[in-house]
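Results of the structural survey
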Amino acid sequence: MGLHRLLLVACFLLFARALLRGQGALRVMAMLFAAGAVGAACSVALHMATAPVLLERIEMLGRAWNPIPAAAAVAAAALAGLALLRAGWVPAAWRLPTYAGIGAILLAMVLTQSRGPAIGIALGAVLLMLPRGLALRLGMVLPPIAFLAASSLVPLEASLRALFCEDESLLCRPSLRLPLWQSAVEIIAAHPLWGLGASHRMGEGWLNNPQNVVLAT
């Protein structure tokens, strides 16, 4: 199974490289944005039609049904749309649909209740608005700074939620990051040298999350 997944990743990278060479970055970004916008709009429509509670966490269409990587994927698509607008590549007749697509993606991201991709799309949008040279320089240092800044807020999460939130819906949903980190520290202390391997799962429910692979390794 591990070799199968590695082969799939390798095939994807080769395909992406060939696509970039054949179509160019702008066309590839247009494909990415179109797929993300349509997927987000369809996911939101299905969620509104079938979810018993509108503000419950959305499950996006497609393979990335987990809300966190799903939000990250459509965030990348929205940034591709913003980059196309910034480059003046979008014809006037397509600007309104492009803004509508970005709006659909942002709504889907809110319904995923995932804050990490929301921080990422905000920082990415800021970088896109800056001059290219400055954006490239900041792009090397801003992500780790943002990661450390966001991580430093985890111990303060309960206090911040009490200050700004009245319930546990949408972006006010508890992240459970602190108990997750505490559990990870216990596992690392028990297996400090060799870890448990990428196939290990820390538990069920909220413990079974995208951080499993990194923490277990």
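Residues numbered from 1 in each chain as written. Predicted model: local features only at pLDDT ≥ 70, side-chain atom pairs only at ≥ 80, totals over all residues. Heavy atoms only, no water.

Attention shifts here to the environment of M109. Here M109 is to be found in helix 4 (residues 92–112). Residues M109 and H200, 91 residues apart in the sequence, show an inter-C-alpha distance of 28 Å. Setting aside residues no more than four positions away along its own chain, M109 makes contact with A71, V74, A75, S114, P117, A118 and I121. (Helix = DSSP H or I, 4+ residues; strand = E, 2+ residues; numbered from the N terminus. Contact = heavy atoms within 4.5 Å.)

On to the confidence of the model for the chain. Confidence along the chain averages 86 in pLDDT terms, with 94% of residues attaining 70 or more. The secondary-structure element of the chain with the lowest mean pLDDT is helix 9 (residues 212–216), recorded at 70, while helix 4 shows the highest, at 94. (pLDDT = per-residue confidence, 0-100.)

Here the focus is helix 5 (residues 115–129). Owing to its 3.6 residues per turn, the α-helix aligns residues three or four sequence positions apart on the same side. Between its first and last C-alpha atoms helix 5 spans 22 Å; for 15 residues at 1.5 Å apiece the expected length is 21 Å, and the two agree. Residues of helix 5 that are buried include every one of P117, I121, G124 and L127, and no others. Summarising the axial view, the buried residues of helix 5 lie within an arc of 125°, below the 170-degree limit, and thus occupy one face. Those residues of helix 5 that are buried lie in contact with helix 3 (67–86), helix 4 and helix 6 (132–152). (Expected span 1.5 Å × (residues − 1). Buried < 20%, exposed > 50% of the residue type's maximum accessible area, 1.4 Å probe, protein only. Arc of directions from axis to C-beta.)

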